[in-house]
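Spelled out from the first residue to the last, the chains are:
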Amino acid sequence: MLISFEGIDGSGKSTQLELAREWLAGLGYDVLLTREPGGTSAGEAIRELLLNPKSHLTGRAEFLLYSASRAQLVEDVLAPHLKKPRSIALVDRFADSSTVYQGVGRMLGIEAVQEVNDFATGNLQPELTLYLDVDYETSLARRKTSGGAPDRLEQNPREFFEAVRAAYIELCTAYPERMVRIDARESAENVFQQVRAAISSRLPN
Ligand code: TYD
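The model shown is predicted, which means the values in this text are computed figures rather than measured ones.

(A) Summary view of the pairing of strand β1 (residues 2–6). Counting buried residues along β1, five of its five residues qualify, which places the element largely inside the surrounding structure. Alternating residues of β1 divide into Leu-2, Ser-4 and Glu-6 and Ile-3 and Phe-5, and every residue in both groups is buried. In the sheet, β1 pairs with strand β3 (residues 87–92) via four bridges, with the strands oriented parallel. Opposite Phe-5, over in β3, you have Asp-92 as the bridge partner. Bridge count for β1 against strand β4 (residues 128–133) is four bridges, and the pairing is parallel. Residue pairing in the sheet places Glu-6 in a bridge with Tyr-131 of β4.

Given below as structure tokens:
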């Protein structure tokens, strides 16, 4: 089972992914946790390039780099893991990130992006996508407390993140079977209760 976690920067995905990993491993699943961009050595090199504020990338070049990292991750890591018995792969971002950040944020168009996403993933789709919804102010406050200089994507203006958030919300409406919108403004514990409930309802008995 492939489960992706999505949300704007500072939505608290990493904390929830870690909690989910511990809980599912405790239930006896073979759990893999990985991230995009990254998760393979080529992917991590691509990640450096993408997040470095010194990289000057056009929207299309940026999108194809995210896609390259994703293609590598699917073939090298996700597909082999998912062949194993009782396996679950948790991914910190997947194709929906490109749909909203590049398709909408960079205005490349949702349909064009989804076509390339399908090519990059060989049509591998998450069974479940947890979208952690936070407003811009909350995400900014969390980013500040986690420290560090803003990466290339985080340097985008408020309007970029508002557009990305609106696009995530629309995706949840468009794919109600796969996507679950979670109110992620609450404490990590309360958010995890929602995450656990959504995953539990999809686990095989
Ligand atoms: P990361 O530090 O992992 O951000 P976060 O902790 O918020 O997930 O950086 C990933 C950045 O790349 C993030 O700003 C979102 C962006 N991104 C895209 O624009 N398109 C994509 O397809 C993916 C996977 C990420």
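(B) Quick look at the packing of aromatic side chains. Taken as a whole and assessed by the stated rule, the structure comprises five aromatic pairs. Judged by centre distance (4.7 Å) and plane angle (25°), the rings of Tyr-131 and Tyr-168 are stacked. One end of the pair, Tyr-131, is in strand β4; the other, Tyr-168, is in helix α7 (residues 158–174), and 37 residues separate them in sequence. The buried category is assigned to Tyr-131, whose relative accessible area is 0%. When its relative accessible area of 0% is taken as the criterion, Tyr-168 is described as buried. Ring-pair connections join several aromatic residues into one group, and the members of that group are Tyr-101, Tyr-136, Phe-160 and Phe-161. One cation-aromatic arrangement involves Arg-86 over Tyr-29; the distance from NZ or CZ to the ring centre is 4.2 Å.

(C) Spotlight on helix α6 (residues 136–145). Along α6, the residues that are buried comprise Tyr-136, Thr-138, Ser-139 and Arg-143. In a view along the axis of α6, the buried residues occupy a sector of 165°, so they form one face of it. Exposed and oriented more than 90 degrees from the buried face of α6 are Lys-144 and Thr-145. Contacts made by the buried residues of α6 are with α7.

(D) The arrangement of the packing of helix α3 (residues 59–82) against helix α4 (residues 95–105) in detail. At their nearest, the axes of α3 and α4 sit 11 Å apart, and the two run at 175° to each other. Classed by the angle they form, the pair α3 and α4 counts as roughly antiparallel. For the pair formed by α3 and α4, the contact residues are Glu-62, Phe-63, Tyr-66 and Arg-70 on the first element and Ala-95, Ser-98 and Gln-102 on the second. Looking at side-chain class alone, the contact of α3 with α4 contains three nonpolar, two polar and two charged residues.

What counts and what doesn't
Residues numbered from 1 in each chain as written. Predicted model: local features only at pLDDT ≥ 70, side-chain atom pairs only at ≥ 80, totals over all residues. Heavy atoms only, no water. Buried < 20%, exposed > 50% of the residue type's maximum accessible area, 1.4 Å probe, protein only. Helix = DSSP H or I, 4+ residues; strand = E, 2+ residues; numbered from the N terminus. Pairing = 2+ DSSP bridges. Phe/Tyr/Trp six-rings, centres within 6.5 Å; stacked < 30°, edge-to-face > 60°. Lys NZ or Arg CZ within 6 Å of the ring centre and 35° of its normal. Arc of directions from axis to C-beta. Contact = heavy atoms within 4.5 Å. Axes fitted to C-alpha atoms, helices over the stretch in contact; angles between N-to-C directions. Parallel < 35°, antiparallel > 145°, perpendicular 65-115°, else oblique. Nonpolar A, V, L, I, M, F, W, Y, C, P; charged D, E, K, R; others polar.

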